[in-house]
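Chains, contacts and geometry: an overview
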Amino acid sequence: VQLQAYGGGLVQAGDSLRLSCAASGRPFSEYAVGWFRQGRGKEREFVAGISWSGGWTYYADSVKGRFTIGRDNAKNTVYLQMNSLSPEDTAVYYCAADRRDQITPTLGQSTIDYWGQGTLVTVSS
């Protein structure tokens, strides 16, 4: 499956942004999906995950209550709604897909099946 993340941009602190991850090649409903991010000089970190059905979601503590992950399998798309953005959220955001039930923070990133290219989110203060 091929993944394409888009929707990044430059926003101000407090603004909202919605990222999308579009899949092609295979039905997206077969995969759990996760969003990750990598700030400059930092390791890539887990942001949010959603099961193939959308019935299970999980968030990093740093984004809990501000970010919402959702999916529309009919459109082969997973979303990440980001509210109350702060400069600390500045990073390249990646989506990833895996045939296991869930993508969690403890799942080795190198074991995840598919990765999309990143989309840059810059939050100015």
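Each remark here, short or long, concerns the structure printed above.
This section reports on the structure supplied with the text. All figures in this text were calculated on a predicted structure; none of them were measured in a lab. (Residues numbered from 1 in each chain as written. Predicted model: local features only at pLDDT ≥ 70, side-chain atom pairs only at ≥ 80, totals over all residues. Heavy atoms only, no water.)

Some remarks on the sheet that holds strand E7 (residues 67–72)
Ordered in space as E1-E3-E8-E7, the four strands form an open sheet in which the pairing is antiparallel. Because the sheet does not close on itself, it has two edges, and the strands there are strand E1 (2–6) and E7. Averaged over all adjacent pairs, the angle separating strand axes in this sheet is 15°, with direction ignored. Direction of pairing for E7 relative to strand E8 (residues 77–82): antiparallel, over a ladder of six bridges. Note on E8: the bridge partner recorded for Arg71 is Val78. (Pairing = 2+ DSSP bridges. Helix = DSSP H or I, 4+ residues; strand = E, 2+ residues; numbered from the N terminus. Axes fitted to C-alpha atoms, helices over the stretch in contact; angles between N-to-C directions.)

What about the layout of surface pockets?
To find the voids left in a structure, one rolls a probe of water-molecule size over its atoms. Here the largest pocket defines a volume of roughly 160 Å³. Counting only elements with at least two residues in the lining of the largest pocket, the list comes to strand E9 (91–98) and strand E11 (119–124). Here the residues of the lining of the largest pocket are counted per class, giving three nonpolar, four polar and two charged. (1 Å grid on protein atoms, 1.4 Å probe; cavity = no way out; pocket = protein on both sides within 12 Å on 5 of 7 lines; lining within 4 Å. Points joined across faces, edges and corners; volume = space filled by probe spheres on them. Nonpolar A, V, L, I, M, F, W, Y, C, P; charged D, E, K, R; others polar.)

Comments concerning the nonpolar core
The biggest cluster of nonpolar side chains holds 37 residues, and the ones touching the most others in it are Phe28, Trp35, Leu80, Met82 and Tyr93. Only E1, strand E3 (17–24), strand E4 (32–38), strand E5 (45–50), E7, E8, E9 and E11 provide two or more residues apiece to this core. Considering every element that reaches this core, the biggest residue donor is E9, with five residues. (Core = buried A, V, L, I, M, F, W, Y, C linked by side-chain atoms within 4.5 Å. Buried < 20%, exposed > 50% of the residue type's maximum accessible area, 1.4 Å probe, protein only.)

Observations regarding the packing of aromatic side chains
Counted according to the given criterion, the structure contains five aromatic pairs. Ring geometry for Phe36 and Phe46: centres 5.7 Å apart, planes at 80°, overall edge-to-face. Placement of the pair is Phe36 in strand E4 and Phe46 in strand E5, with a sequence separation of 10 residues. In this pair, the class of Phe36 matches that of Phe46, namely buried. Each ring, one from Trp56 and one from Tyr58, has its centre 6.0 Å from the other, and the planes form 10°; the classification is stacked. By relative accessible area, which is 39% here, Tyr58 ends up partly exposed. Among the aromatic residues, those joined into a cluster by ring pairs are Phe36, Phe46, Trp56, Tyr58 and Trp115. Over the face of the ring belonging to Tyr79 we find Arg18, whose NZ or CZ atom lies 3.9 Å from the ring centre. Its guanidinium or amino end placed over the ring of Tyr94, Arg44 lies 5.5 Å from that ring's centre, counting from NZ or CZ. (Phe/Tyr/Trp six-rings, centres within 6.5 Å; stacked < 30°, edge-to-face > 60°. Lys NZ or Arg CZ within 6 Å of the ring centre and 35° of its normal.)

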